[in-house]
Amino acid sequence: MTVLGIRKATSGQNGVGAFILQCKRLDFHYCDWAGSSKGMNAFLRSSLAKFAAANPQVEMTVSPRPKKHPVIIGHYINGREKAICVRGLEPGQILKKAELLRDANGEKLKKVTKPVKSLNESVRGIWSPFHGGGIKV
């Protein structure tokens, strides 16, 4: 009688096998008339083409919103959206906000209760150099 091993398909974790960027689309909304969109208009003219070429996996859409403040909206694969108002920001600051939305994962912000995240909880707790009797010098 032969013993055969059970074959199991490995379940990939994001970043271990192939990395999947969580942001699927960035929407840039601006106004031609308002002064608060001055930085956004400069960003769209100068930096957006380079940013889009560097990130071909993210769809970029640009649309005017008359008489409204400029906004960048990120759409994520989990169905959520995040919006950042870029009213009165410079083009370099708007680029940082676009990178922030691109790198975000779309999840809601959570309060961190435990500093360590693990699939397997430790039975003994987190080690600290202050545990035990200590070393006398």
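Residues numbered from 1 in each chain as written. Predicted model: local features only at pLDDT ≥ 70, side-chain atom pairs only at ≥ 80, totals over all residues. Heavy atoms only, no water.

Participant: Even after reading the chapter, I still don't get the overall build of the protein chain, so can you show me in this structure?
Facilitator: Tallying secondary structure elements over the protein chain gives 3 helices and 4 strands in all. The linear arrangement of helices and strands in the protein chain, starting from the amino end, is β-α-α-β-β-β-α. Every one of the 137 residues in the protein chain was classed for burial, and the buried ones make up 28%. For the protein chain, long-range pairs separated by at least 24 residues make up 67% of all intrachain contacts whose partners lie at least 6 apart in sequence. Accessible area of the protein chain: about 11100 Å², with a carbon and sulfur share of 57%. (Helix = DSSP H or I, 4+ residues; strand = E, 2+ residues; numbered from the N terminus. Buried < 20%, exposed > 50% of the residue type's maximum accessible area, 1.4 Å probe, protein only. Contact = heavy atoms within 4.5 Å. Areas by Shrake-Rupley, 256 points an atom, 1.4 Å probe, with all protein chains shown as cover.)

Participant: What is the right way to read the packing of aromatic side chains from this model?
Facilitator: We describe a pair of aromatic rings using the distance from one ring centre to the other and the angle between the two ring planes. Going through the model one piece at a time under the given rule, you end up with 1 aromatic pair. Relative to F43, the ring of F28 lies with its centre 5.7 Å away and its plane at 35°, an arrangement referred to as tilted. Of the two residues, F28 sits in strand β1 (residues 23-30) while F43 sits in helix α1 (residues 38-46), which places them 15 residues apart along the sequence. F28 gets classed as buried once you look at its relative accessible area, which sits at 0%. (Phe/Tyr/Trp six-rings, centres within 6.5 Å; stacked < 30°, edge-to-face > 60°.)

Participant: Could you clarify how one ought to interpret the sheet that holds strand β4 (residues 81-85) in this entry?
Facilitator: The strands making up a sheet associate through backbone hydrogen bonding, with each pair oriented either parallel or antiparallel. One open sheet accounts for 4 strands, arranged β2-β1-β3-β4; its pairing is mixed. Here the strands that pair on one side only, and so sit at the sheet edges, are β2 (59-64) and β4. Neighbouring strand axes in the sheet, compared pairwise and without regard to direction, differ in orientation by 15° on average. Judged from the 6 bridges that link them, β1 and β2 form a sheet pairing that is parallel. For D27, the partnering residue across the bridge sits in β2 and is T61. α1 rests against β1, β2 and β3 (71-76) of the sheet, and its axis sits at about 125° to β1. Along the sheet face, helix α3 (residues 91-103) touches β1, β3 and β4 and points at about 15° away from the line of β3. (Pairing = 2+ DSSP bridges. Axes fitted to C-alpha atoms, helices over the stretch in contact; angles between N-to-C directions.)

Participant: Got a minute to help me understand the packing of α1 against α3 in this structure?
Facilitator: Geometrically, a packed helix pair is captured by the angle between its two axes and the distance between the axes. At a closest axis distance of 8 Å, the pairing of α1 and α3 adopts a crossing angle of 75°. Judged by the angle between their axes, α1 and α3 are roughly perpendicular. Taking contact as the criterion, the partners of G39, M40, A42 and F43 in α1 are, on α3, P91, I94 and L95. The class makeup of the residues in the contact of α1 with α3 is 6 nonpolar, 1 polar and no charged. (Parallel < 35°, antiparallel > 145°, perpendicular 65-115°, else oblique. Nonpolar A, V, L, I, M, F, W, Y, C, P; charged D, E, K, R; others polar.)

Participant: Quick question: what am I supposed to make of α1 here?
Facilitator: Structurally, the α-helix is built with 3.6 residues per turn, so residues lying three or four positions apart point the same way. Of all the residues in α1, the buried ones are G39, M40, N41, F43 and L44. Tucked into the core, α1 has its buried residues touching β1, α2 (48-54), β2, β3 and α3.

Participant: Please clarify how unusual backbone geometry should be interpreted in this entry.
Facilitator: With the exception of glycine, the majority of residues adopt a negative phi angle, and the majority of peptide bonds are in the trans configuration. Although it is not a glycine, K67 adopts a positive phi angle of roughly 60°. Looking at the secondary structure, you find K67 in the loop between β2 and β3.

Participant: Help me understand the side chain of H29 in this model?
Facilitator: Its place among the elements puts H29 in strand β1. Side chain to side chain, H29 and S63 meet in a polar contact 2.7 Å long. Apart from residues no more than four positions distant in its own chain, H29 is found in contact with M40, S63, R65, P70, V71 and I73. (Polar contact = N/O pair within 3.5 Å; in protein donor to acceptor, adjacent residues only side chain to side chain.)

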